[in-house]
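Residues per chain, in single letters:
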Amino acid sequence: MSTTILVILLVIIALLIVSLAIGGPVSTSIGFTAVIATMLFLSKGDLLFMGSTLYQNATSGDLIMMPMFIMMAEFMAIGGIAEDLYYVMAKLTRRIKGGLAVATTLACTIFAALSGSSPATAATIGKVSLKSMAKRGYREDFAVGTVSGGGTLGIMIPPSITLVMYGILTKTSIVNLLMAGLVPGLLLSILMCVVNLARVKINPALIGEDKHGNKLPGIEYEQEKFDTTIWQDLKMSGPALLLIAFILFCMYTGAATANECAGIGMVCAMIICLAKKKLTFEKFKHTLIQGIKASGMMILLLSAAAMLSQVIAKAGIATAMATAITDYGINKWIIMIALFAMWYLLGMIMNPTAMVTLTIPFVFEPLMQLGFNPYWLGIVSTLCVEVAMISPPVGNNLFILKQTCDVDIGTVYKGSLPYVGILTIGLVIFCIFPQITTFVVDLMAKAAG
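First, a word on scope: everything that follows refers to the structure included in this document. Residue numbering note: each chain is counted from 1, following its sequence as written. Local features in this predicted model are restricted to residues whose pLDDT is 70 or higher, and side-chain atom pairs enter the listing and the counts only when it is 80 or higher, whereas totals over whole chains, interfaces and linings include all residues. Only hydrogens and water are removed before side-chain values are computed, so all heavy atoms of the structure are retained for them.

A short note on the overall build of the protein
No. 1: Of the regular secondary structure elements, the protein holds 21 helices and zero strands.
No. 2: Radius of gyration: over C-alpha atoms. The globule rule applied is 2.2 Å multiplied by the number of residues raised to the 0.38 power. Whereas a compact globule of 449 residues would reach a radius of gyration of roughly 22 Å, the protein reaches 23 Å, a difference of no more than 12%.
No. 3: Along the longest, intermediate and shortest principal axes, the C-alpha atoms of the protein span 70 × 50 × 45 Å.
No. 4: Looking at the protein as a whole, 55% of its 449 residues qualify as buried. Under the scheme used here, helices are H or I runs from DSSP no shorter than 4 residues and strands are E runs no shorter than 2 residues, and both carry numbers assigned from the N terminus. Accessible area is worked out with a 1.4 Å probe on protein chains only. A residue is then buried under 20% of its type maximum, exposed over 50%, and partly exposed in between.

Written out as C-alpha cells, the structure is:
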C-alpha cells in the first residue's frame, strides 16, 4: 500500500473517530467524513457528484421495502399474533422438560419471519413468554436469556432489515440475500433449542425443579391451561404461517420482487389485524409513524455510507488493501477473524446496525477480491450484529427487555451471555461449512436456469 493511500485511510479513520467521539449521529459522522475527505483528497467534480450520490441512494426503489416490512411487523404485533404463536408453541412443547424455553425460541423464529427486526421480536415475544415462564417457576435469568437470544433471529430469518441494508450498500441481490438467511436462521434456532434442553437436563434448577422433577422449595408454580381444539390452534396461528409461506414462496420462485413481497406482507398483515378487530385509527397512525421514523433513519444512514464507499473506491483504498494483503501473504482467514473480533468489540460500544454500515464500505471490495462470497459475508456480518445485539454493555435487545419487561439489567446480562457463545458456535459452523449460507441461493439458481 502506497504512503499516499495509507495517509488517506488514516485521515478518514481519524475523522470518523473524532466526529463520533464528539457525539454526532452515526449517519451525520459518516457523511461529514465523506465530504471532508473528498475536499481534501479528491477533485471538485467528485464533491459535486456527492450530492447526486446522496439523492440517488435516498430515492432508490430498493428502499421502499424497509418501511413496508417494518409496518408489517407493527401490524402483526398489534394483531396479537405473538401471543397466539407463543400459546400454540407452548401447547406443542408442554410435555418436554424446559418446553417453554423451546416454545419461546420457536415463537421468536416464526415471528422473526414476520418482523425482520431483532428488537421487535425480543420485545413482542418477551411480553408474553416471560410472564408464562415466571408462572412455571423458571429462573429469571434463564427466561430472559431465552428471549434475548431468540430475539436475535429477527435479523437473520427473512425478511431481515439488516440484510436489506447490506444488499443496498453492497449492490447485492436483496432477494437472494434474504433467502440465504433462511437455513442459517433455522439452524441457529435449532441450536438454541438443543442447548436450552441440554442446560435444563444438566441443571433442572433453571426451571425451578430438582433432579427428580419436583418443584424446588419456595418456587411458585402455576400450571398453564391449554383448553383449545386443534381447529382453534390453526385459526390462531394459521394466517401468520400461511403469510410466511406465501412470501417465501414468492421470493424463492421469483414470482414477486422483494418490494412486492414487502407490499403483499404489509397489506396481508393489516387484513389479519382488521379480521381480528384489533386495528383502530390510532394504532394505524402509530404504525405509519413508526415505519416512517425507522426507515428515515436507515435511509440517511445508507445514503451517508454510500457517499463514504464512493470516496474509498475513488481513492483506490479498497484495491490497495486487497493488494497489500496479497503481497504480504497474509492468510485471508486471519483477516476475517480480525474483522469478526473488531465487530464483536464495536458491538459492545455502538449501535449494531451502524457498526456494520460503518465498516462494510472499507472491507467489502477487499474481501471480494480475496475470494469471499458476498452472500456468505452478508450472513456472517449479520450474525456478528446478532451477537452485538446481546453483548453488554449496550446491546439493543438487553435494554429493550429491561424497558418492556421490567427486568433488572444485571439479570439480563447474565441470561444473555450463554447466547453469545451459541451464536459464536454458529459463526464457526458457517465459516467451516460456508455452503450452508448459500444453499438456498444455489437451489434458486439451478431452478432458474
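Brief notes about the environment of Leu42
No. 1: With respect to the helices and strands, Leu42 occurs in the loop between helix H2 (26-41) and helix H3 (44-58).
No. 2: In this structure the C-alpha to C-alpha distance between Leu42 and Val311, which are 269 residues apart in sequence, comes to 8.0 Å.
No. 3: Ignoring anything within four residues of it in the chain, the contact list for Leu42 reads Ala37, Val311, Lys314 and Ala315. Two residues form a contact once any of their heavy atoms are found within 4.5 Å.

A closer look at helix H8 (residues 140-151)
No. 1: One less than the residue count of a helix, multiplied by 1.5 Å, gives the span that helix is expected to have. The end-to-end C-alpha distance of H8 is 16 Å, a good match for the 16 Å that 12 residues give at a rise of 1.5 Å each.
No. 2: Buried within H8 are the following residues: Asp141, Phe142, Ala143, Val144, Gly145, Thr146, Val147, Ser148, Gly149, Gly150 and Gly151.
No. 3: Contacts from the buried residues of H8 go to helix H6 (99-115), helix H7 (118-135), helix H11 (182-202), helix H19 (396-405) and helix H20 (409-432).

Digging into the side chain of Thr146
No. 1: With respect to the helices, strands and loops of the structure, Thr146 is situated in helix H8.
No. 2: The contacts of Thr146, once residues within four sequence positions are left out, are Ala101, Thr104, Thr105, Asn196 and Tyr419.

Notes on the side chain of Ser237
No. 1: With respect to the element layout, Ser237 can be found in helix H12 (residues 230-253).
No. 2: Pairs of N or O atoms are called polar contacts if they sit within 3.5 Å, as long as, within protein, a hydrogen donor faces a hydrogen acceptor (for residues adjacent in sequence, only side-chain-to-side-chain pairs). Among the polar contacts listed, one links the side chain of Ser237 to the backbone oxygen of Asp233, at a separation of 2.9 Å.
No. 3: Look past the residues within four positions of Ser237 in its chain and what remains in contact with it is Leu85 and Val88.

A few points about the state of the cysteines
No. 1: Only a pair of cysteine sulfur atoms within 2.5 Å counts as a disulfide in this structure description. Tallied over the full model, the rule gives zero disulfides.
No. 2: In this structure Cys193 is a free cysteine whose sulfur lies 9.8 Å from that of Cys108, the closest cysteine sulfur available.
No. 3: Using a relative accessible area of 11% as the deciding quantity, one classes Cys193 as buried.
No. 4: Just so you know, Cys273 is unpaired, no disulfide at all, and the nearest cysteine sulfur is the one on Cys268, 13 Å from it.

Brief notes about the pattern of salt bridges
No. 1: Throughout this description, the term salt bridge denotes a Lys or Arg side-chain nitrogen within 4 Å of a carboxyl oxygen of Asp or Glu. Counted under the stated rule, the structure contains five salt bridges.
No. 2: With a closest N to O distance of 2.7 Å, Lys276 and Asp84 form a salt bridge. Of this pair, Lys276 sits in the loop between helix H13 (258-275) and helix H14 (281-314) while Asp84 sits in helix H5 (residues 81-92), and the two are 192 residues apart along the sequence.
No. 3: Among the salt bridges present, the one from Asp141 reaches Arg139, with a minimum N-O distance of 2.8 Å.

Section: the packing of aromatic side chains
No. 1: Two rings from Phe, Tyr or Trp (for Trp, the six-membered ring) form a pair when their centres are within 6.5 Å of each other. A pair whose planes differ by under 30 degrees is stacked, one over 60 is edge-to-face, and the rest are tilted. With the rule as written, the count across this model stands at seven aromatic pairs.
No. 2: Both rings, one in Phe340 and one in Trp343, keep their centres 6.4 Å apart while their planes meet at 40°; by these two values the pair is tilted. In this pair, Phe340 and Trp343 both sit in helix H16 (residues 332-347), three residues apart, roughly one turn of the helix.
No. 3: With 5.3 Å between their ring centres and 10° between their planes, Phe372 and Trp376 make a pair best called stacked. For the residue pair Phe372 and Trp376, the accessibility class agrees, reading buried in each case.
No. 4: Aromatic ring contacts, followed pair by pair, group Trp333, Phe372 and Trp376 into a single cluster.

Focus on helix H1 (residues 3-21)
No. 1: The end-to-end C-alpha separation of H1 is 26 Å, in line with the 27 Å expected for 19 residues at 1.5 Å each.
No. 2: Within the span of H1, buried status applies to Ile5, Ile8, Leu9, Ile12, Leu15, Leu16 and Ser19. Down the axis of H1, the buried side of the element spans an arc of 125°, and every buried residue falls inside it. Relative to its buried face, H1 has exposed residues pointing more than 90 degrees away, namely Thr3, Leu10, Ile17, Val18 and Ala21.
No. 3: If you follow the buried residues of H1, they end up packed against H2, H14, helix H15 (317-327) and helix H17 (352-369).
No. 4: Looking one or two residues beyond H1, the residue adopting positive phi is Gly23, at roughly 95°. The directions considered for the arc are those from the helix axis to the C-beta atoms.

Let's talk about the packing of H16 against H17
No. 1: Where helices are involved, their axes are fitted lines through C-alpha atoms of the stretch in contact, as for all axes, and angles between N-to-C directions lie from 0 to 180°. Where H16 contacts H17, the two axes come as close as 11 Å, and the packing angle between them is 170°. In this view, H16 runs roughly antiparallel relative to H17, as classed from their interaxial angle. From H16, Ile335, Met336, Leu339, Met342, Trp343, Leu346 and Gly347 reach across to H17, where they touch Met355, Val356, Thr359, Ile360, Val363 and Leu367.
No. 2: As a working rule, the residues Ala, Val, Leu, Ile, Met, Phe, Trp, Tyr, Cys and Pro are called nonpolar, Asp, Glu, Lys and Arg charged, and the rest polar, with Gly in that last group. Classifying every residue of the contact of H16 with H17 gives 11 nonpolar, two polar and no charged. Working rule for angles: under 35 degrees goes down as roughly parallel, over 145 as roughly antiparallel, 65 to 115 as roughly perpendicular, anything else as oblique.

With respect to unusual backbone geometry
No. 1: A cis amide bond links Pro158 to the next residue, Pro159, at an omega of 10°.
No. 2: Its identity is not glycine, yet Lys171 carries a phi of approximately 60°, on the positive side.
No. 3: Residue placement: Lys171 occurs in the loop between helix H9 (161-170) and helix H10 (174-180).
No. 4: If you check the backbone angles, Lys277 has positive phi at about 60° while not being a glycine.
No. 5: Turning to its location among the elements, Lys277 is positioned in the loop between H13 and H14.

A look at the packing of helix H4 (residues 65-78) against H13
No. 1: The N-to-C vectors of H4 and H13 enclose an angle of 20°; their axes lie 8 Å apart at closest approach. One element, H4, and the other, H13, form an angle in the roughly parallel class. Crossing geometry of H4 relative to H13 is assigned as left-handed. Of the residues in H13, those touching H4 at Met65, Met68, Phe69, Met71, Met72, Phe75, Met76 and Ile78 are Ala258, Asn259, Ala262, Gly263, Gly265, Met266, Ala269, Met270, Ile272 and Cys273. Crossing handedness is defined as follows: a turn of the near helix away from the far one that is anticlockwise and smaller than a right angle gives a left-handed crossing, while the clockwise case is right-handed.

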